[in-house]
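Commentary on secondary and tertiary structure
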Amino acid sequence: MTTQKTAKFRSDYRTPAFTIDTVDLDFHLHDSTTRVVAVMRVRRLSAGPLELDGEQLQLRRIAIDGSELATADYELTATQLRMADVPDNFELTIETEINPSANSALEGLYKSGGAFCTQCEAEGFRRITYYLDRPDVLAIFTTTVRADAETYPYLLSNGNLQRKGTLDNGEHFATWHDPHPKPAYLFALVAGDFDRLHDHYTTMEGREVLLELFVDKGNLARAGYAMQSLKKAMKWDEERFGLAYDLDRYMIVAVDFFNMGAMENKGLNIFNSKYVLADTATATDWDFIHVESVIGHEYFHNWTGNRITCRDWFQLSLKEGLTVFRDQEFSSDLGSRAVHRIDAIRVMRSHQFNEDASPMAHPIRPDKVVEMNNFYTVTVYNKGAEVIRMLHTFLGEQGFQAGMRCYRERHDGQAVTCEDFVAAMETANDTDLAQFRRWYSQAGTPTLTITEDYDAAQKSLTIKVQQHTPSTPGQIDKQPVVIPLLFSLYNAAGQRLSVTHEHVQRHESGSELWVVNQATATLTLTDVNERPVIAWLENFSAPVKIERNVDLSVYTTLLAHAEQEVTRWEAAQQMYLHVLLAGVRQQGQIDLPQALIEALRHALHAALDNALKALIFTPPSAEELVEYFQEDAPLEAIGKAVQQLRDALAEHLEDDFAKVYHSLTADEKDLSAQAMAVRAMQNRCLYYLAVATPQDYAPKVLQQATQGQSMTLQQAALEFAVHLDLPNHQQALGQFEQQWQETPLVMDKWFAAQASAPQPETVERVAMLLEHDKFSLRNPNRVYALVATFCRNSLCFHRADGQGYQLVLRIIKQLNTLNPQVAARLITPFLQWRRYDEKRQELLKNCLLELQQMDNLASDLAEKVNNALA
Ligand code: B3K
Ligand code: ZN
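The structure presented is a predicted model; accordingly, all values stated were derived computationally and were not measured. (Residues numbered from 1 in each chain as written. Chains lettered and ligands numbered in written order. Predicted model: local features only at pLDDT ≥ 70, side-chain atom pairs only at ≥ 80, totals over all residues. Heavy atoms only, no water.)

Our next topic: the overall build of the protein. Of regular secondary structure, the protein possesses 27 helices and 33 strands. For 870 residues, the compact-globule formula gives about 29 Å, and the C-alpha radius of gyration of the protein, at 28 Å, lands near that figure. Seen along its three principal axes, the alpha-carbon backbone of the protein occupies a region of about 90 × 65 × 60 Å. Restricting to contacts in the protein with at least 6 residues of sequence separation, those with at least 24 account for 71%. When the accessible surface of the protein is totalled, it reaches about 33,200 Å², and 47% of it is carbon and sulfur. (Helix = DSSP H or I, 4+ residues; strand = E, 2+ residues; numbered from the N terminus. Rg over C-alpha atoms; globule rule 2.2 N^0.38 Å. Contact = heavy atoms within 4.5 Å. Areas by Shrake-Rupley, 256 points an atom, 1.4 Å probe, with all protein chains shown as cover.)

What follows is the structure in structure tokens.
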């Protein structure tokens, strides 16, 4: 039974009454009874009792300065160990017992396959021992691990290895010491039998660092890319941010059972194997790119997160928003900046905007939290990174880096707040960011309504921008935010026009910068010789929506001529949106104007990066379109319009796609950005060709889905076969399964290809796959591949008879006891029940009510369900 948590508020923050300076941990590992002895140096900071957090622990012994306590000396509840009367400075010894093999929530110490591993962020350390489990308590950790030597040859923890040796009865031990004081959430322990890849890196400060990567036996050949990525990340952080690594050893362990992507524990990262293992036969280009960026992300946390950490969990975006910004910059500096930027924009539009309009909407620095695990969100992470990016836009690279240096000089070794970060940026740049701070406190996506009035006689252009942020739960009235509006002016022939105005500057990105900070702002430009074509919000310079009423020719001009690649892609997206939304109003019947087809044909043959082209030929999905309907979302019409647009593109451009398709070749093992781009475009072309003439291309699709050395090509073809219902799709699925049944990460792709199929029968197919012997509710990757993928498949999830809802509800109920964190991720599409027609509202709401009435509902789910029904 999980105890119901009560809400915590940011405004209630108090410094702790005690701190812990050092902690010596001793683990005696055993599957069902692991014994943990913690010896802590405790120091009083202010008056009050000592209250330690602890959950699911068996308390065996407590001693203060060596004297055992009697049960009358403390109070024990399901979540706390309280001692009213303790000295000001003392040694506290606590012995507990835990059961790692029964830990299916994968929080605290648990077993993944044959290995022991930990996940402590946010509040998992309290499942290991009684502790001040809060990020502002920084201690020096020394950890001894004891276990059977044959089963667990590697015994790892944070920091540097101090001692190791053998013990009696076949056991051995290792003692690790981490010299950097850290909060408990960065603690890690791993014990297991692995294959080990090692390498070296010399930092710019001359430190020799041993790099080690531990993977399941037999997977060594798939670990090389992760190691290369780590070295690139270490070098990049030195060159761009002047930050070097600070220990003699950096370890990464890959495990198959992990709730999220990875965890930045000091000196000992633990990763979901999905973000470590990669070779061209089993991983797609997308996987390689994510391995590089997640390896980078966790490494970058060493400075932004570990050395300078969060004071309390409301400040999570302090480390996450900043670290996502840093990993995005890392990927952009190494690969195509435009392609990475477009990826980030798509995440914002298809997930974050949705969250910002949902009952769980929260500012990037939340004010109220019930279950902290519910706040590792696209808002805190991705909108958080957009907020950092806006600062970077305002201050420029130099100003931003000056701010980073000030932040580090002031706060290295401390647990601080978002306010401290903004203040450092302010000092270093001698600027006032008072209004900018609203981005931290205000939830919801602002909409900018832009009108352009051109006066031909006066040769003047008047631009008016109005900003409006809709109310979100608990925040009815919104204040205007400060928005860096990047834009460019072109003439009808596509030539760039210069802008001279005291409020507009040429920005280092090449666009013009106009800072809008009022509810209504006006800009009048003079000497404008013809009606200009304007690209607004270039590079998605702020996390806002734009509303403007313009002729389609604006977008065809920008698609053909804009200087910036992201602007060209954006122009294509706006064209598609225009057509799709008009189509939805006509019951899904779309009309694709000839001018648009010609503009796209031109782009298809233009000298553009193939990866960008592939993105240009990816119109908004049904999920993205639903965003445009806050109520009564016409799902059937949306589905139909999306399909009609796809068919129309395939029909009108078939010969062009064929021509481009046959002109492209890339070595399947080549991982350069250029080769990846070619594969992306090959797949895009093949998709449209299979849509246009399935009978001609089905054999090619089948062959690609089942042969060759490139998972990028294989996976895409498998999806085409299934999603387009090609006659041989069963054969493709069968052969693919046969080939990959023993490779879990590839089987995830097989499950996902089926769960994302648009046919209504997907509901029954997913129900059947839940019974597949390779499916398990205990493995988060498998649940995400099958069930979370299905949850994102709006048209099928929302099938009118409600069977999609019932299926997911059943899984959520099972996961409620098995793994509440994973359960809580699946509930997202239920939360927005008010968006749909009456019948669906009723069905969705009933599911939520059914959950609300469960007597053992986990707090992860309870918080979301209660907010949705409020
Ligand atoms: N900091 C971890 C996420 C922890 C999630 C806890 N439920 C990974 C990351 O952002 O790098
Ligand atoms: Zn992170």
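As a further point, take the pairing of strand S16 (residues 189-192). The alternating pattern of S16 places Leu189 and Ala191 and Val190 and Gly192 on opposite faces, both of which are buried. Sheet topology places strand S11 (residues 115-119) next to S16; two bridges connect them, and they run antiparallel. Within S16, the residue paired with Cys117 across the bridge is Val190. Bridge count for strand S13 (residues 154-157) against S16 is four bridges, and the pairing is antiparallel. Directly across from Ser157, in S16, lies its bridge partner Leu189. (Buried < 20%, exposed > 50% of the residue type's maximum accessible area, 1.4 Å probe, protein only. Pairing = 2+ DSSP bridges.)

So, on to the pattern of salt bridges. Applying the stated rule across the entire model yields 64 salt bridges. For the salt bridge of Arg506 with Glu512, the shortest nitrogen-to-oxygen distance reads 3.2 Å. The class of Glu512 is buried, set by a relative accessible area of 2%. Overlapping salt bridges, with partners in common, bring together Asp26, Arg35, Arg61, Glu68, Glu95 and Arg146 in one network. (Salt bridge = Lys/Arg side-chain N within 4 Å of Asp/Glu carboxyl O.)

Moving on, we get to the UniProt feature "domain: Aminopeptidase N-like N-terminal" (unreviewed entry) in the protein. UniProt's feature table lists "domain: Aminopeptidase N-like N-terminal" (unreviewed entry) at residues 76-186, given in the numbering used throughout. The span residues 76-186 is 0% helix and 52% strand, and its two end C-alpha atoms sit 26 Å from each other. (UniProt positions renumbered as here; feature names shortened; annotations may be inferred.)

A word on the site of ligand 1. Taken together, 15 residues lie near ligand 1, and Glu121, Ala262, Glu264, Glu298 and Tyr381 sit nearest. A distance of 2.6 Å is found between a nitrogen atom of ligand 1 and a side-chain nitrogen or oxygen belonging to Glu121. Protein coverage of the free-state accessible area of ligand 1, which is 340 Å², stands at 95%. (Near = heavy atom within 4 Å. Polar contact = N/O pair within 3.5 Å; in protein donor to acceptor, adjacent residues only side chain to side chain.)

Put simply, the ideal angle at a metal is 109.5 degrees for four donors in tetrahedral geometry and 90 or 180 degrees for six donors in octahedral geometry. Taken together, the protein ligands of the zinc ion (ligand 2) are His297 (NE2), His301 (NE2) and Glu320 (OE), with distances of 1.9 to 2.1 Å. Sequence spacing of the donor residues for the zinc ion (ligand 2), all on one chain, is H-x3-H-x18-E. Placement of the pair is His297 in helix H2 (residues 285-300) and Glu320 in helix H3 (residues 316-334), with a sequence separation of 23 residues. Judged by relative accessible area, which is 1%, Glu320 ranks as buried. (Donors = N, O, S within 2.8 Å, 3.2 Å for Na, K, Ca; no water.)

Let's shift gears to the sheet that holds strand S33 (residues 545-548). Strand order in the open sheet formed by four strands is S31-S26-S25-S33, with mixed pairing between adjacent strands. Each having just a single partner strand, strand S31 (520-525) and S33 make up the two edges of the open sheet. Strand-to-strand twist in this sheet, taken as the mean axis angle between neighbours without regard to direction, amounts to 20 degrees. Note: strand S25 (residues 447-455) against strand S26 (residues 460-468), nine bridges, orientation antiparallel. (Axes fitted to C-alpha atoms, helices over the stretch in contact; angles between N-to-C directions.)

Such a bond, covalent and formed between the sulfur atoms of two cysteines, is termed a disulfide. Inspection of every chain in the model, using the stated rule, returns zero disulfides. Cys418 supplies the cysteine sulfur nearest to Cys310, a cysteine that is in no disulfide, at a spacing of 7.3 Å. No disulfide involves Cys796; its sulfur sits 12 Å from that of Cys791, the nearest cysteine. (Disulfide = S-S within 2.5 Å.)

Moving on, we come to the UniProt feature "domain: Peptidase M1 membrane alanine aminopeptidase" (unreviewed entry) in the protein. Using the residue numbers shown here, the UniProt feature "domain: Peptidase M1 membrane alanine aminopeptidase" (unreviewed entry) corresponds to residues 225-439. Secondary structure content for residues 225-439 is 56% helix and 9% strand, and the end C-alpha separation is 37 Å.

Time to look at the nonpolar core. In globular proteins that are soluble, nonpolar side chains generally tend to be buried together. Core analysis: the largest hydrophobic core is formed by 304 residues, its most contacted members being Leu92 and Trp514. Residues in contact with Leu92, not counting those within four places in the same chain, are Ala38, Val39, Met40, Val42, Leu50, Leu52, Ile62, Ala63, Ile64 and Met83. (Core = buried A, V, L, I, M, F, W, Y, C linked by side-chain atoms within 4.5 Å.)

The next thing to look at is the sheet that holds strand S21 (residues 268-272). The five strands lie next to each other as S17-S18-S19-S21-S20, forming an open sheet whose pairing is mixed. The sheet is open, and its two edges are formed by strand S17 (195-202) and strand S20 (262-263), each paired on a single side. Bridge count between strand S18 (residues 208-215) and strand S19 (residues 249-255): five bridges; the pairing is parallel. The residue of S19 that forms the bridge with Phe214 is Val253. Packed on one face of the sheet, helix H1 (residues 224-241) meets S17, S18 and S19 and runs near 20 degrees to S17.

All told, the structure shown has 36 aromatic pairs when counted by the stated rule. Plain terms: the ring middles of Tyr225 and Phe288 are 4.8 Å apart, the flat faces sit at 80 degrees to each other, and that makes the pair edge-to-face. A residue pair is termed long-range when its members are at least 10 positions apart, and Tyr225 in helix H1 and Phe288 in helix H2 qualify at 63 residues. Just as Tyr225 is buried, Phe288 falls in that class too. (Phe/Tyr/Trp six-rings, centres within 6.5 Å; stacked < 30°, edge-to-face > 60°.)

A few words now on H3. Between the first and last C-alpha of H3 there are 27 Å, a value that for 19 residues agrees with the 27 Å anticipated at 1.5 Å per step. When you tally the buried positions in H3, you get 17 out of 19 residues, the bulk of the element. (Expected span 1.5 Å × (residues − 1).)

Here we take up helix H16 (residues 694-706). Think of an α-helix as 3.6 residues a turn; residues three or four steps apart then line up on the same face. Given a rise of 1.5 Å per residue, 13 residues ought to cover 18 Å, and the 18 Å separating the end C-alpha atoms of H16 matches this to within 8%. If you check which residues of H16 are buried, you get Tyr697, Ala698, Val701, Leu702, Gln704, Ala705 and Thr706. Buried-residue contacts for H16 involve helix H14 (654-663), helix H15 (673-692), helix H17 (711-723) and helix H18 (729-740). Phi for Gly708, located one or two positions after H16, is positive at around 95 degrees.

Between H1 and H3, the shortest axis-to-axis distance is 11 Å and the interhelical angle comes to 100 degrees. Relative to H3, the element H1 is oriented roughly perpendicular. Packed against H1, whose contacting residues are Ser229, Lys232, Ala233, Trp236, Asp237, Arg240 and Phe241, the element H3 presents Arg326, Glu329, Phe330, Asp333 and Leu334 at the interface. Split into classes, the residues belonging to the contact of H1 with H3 amount to five nonpolar, one polar and six charged. (Parallel < 35°, antiparallel > 145°, perpendicular 65-115°, else oblique. Nonpolar A, V, L, I, M, F, W, Y, C, P; charged D, E, K, R; others polar.)

So, on to unusual backbone geometry. Residues Glu121 and Ala122 are joined by a peptide bond in cis, for which omega reads 0 degrees. Unusually for a residue other than glycine, Asp65 sits at a positive phi of about 45 degrees. Unusually for a residue other than glycine, Asp527 sits at a positive phi of about 55 degrees. Structurally, Asp527 can be placed in the loop between S31 and strand S32 (533-535).

Here we come to the side chain of Glu121. The topology assignment puts Glu121 in the loop between S11 and strand S12 (139-148). In this structure the side chain of Glu121 is engaged in a polar contact, spanning 2.8 Å, whose partner is the side chain of Tyr376. With near-sequence residues (within four places) excluded, Glu121 lies in contact with Tyr185, Met263, Glu264, Trp313, Leu316, Lys319, Glu320, Asn373 and Tyr376.

Once that is clear, we can look at the side chain of Glu298. The topology assignment puts Glu298 in helix H2. An unpaired buried charge is present at Glu298: no salt bridge exists, and Lys319, the closest side chain of opposite charge, is 7.2 Å distant. Within the structure, Glu298 has its side chain in polar contact with the backbone nitrogen of Glu264 (distance 3.3 Å). Dropping the residues within four chain positions of it, Glu298 is found in contact with Tyr250, Ala262, Met263, Glu264, Asn269 and Phe271. (Lys, Arg positive; Asp, Glu negative; His and termini not counted.)

Now for the pairing of S21. Regular strands place their side chains on alternate faces of the sheet. Burial within S21 is extensive, with five of its five residues counted as buried. Residues of S21 alternate between two faces, with Leu268, Ile270 and Asn272 on one and Asn269 and Phe271 on the opposite face, all of them buried. Here five bridges tie S19 to S21, and the two strands are oriented parallel to one another. Paired with Val253 across the strands is Ile270, a residue of S21. The pairing of S20 with S21 spans two bridges and is classified as antiparallel. The residue bridging Ala262 from the neighbouring strand is Phe271, located in S21. Connecting S20 to the antiparallel partner S21 that follows it, the hairpin turn spans four residues, and Gly267 within it adopts a positive phi of roughly 70 degrees.

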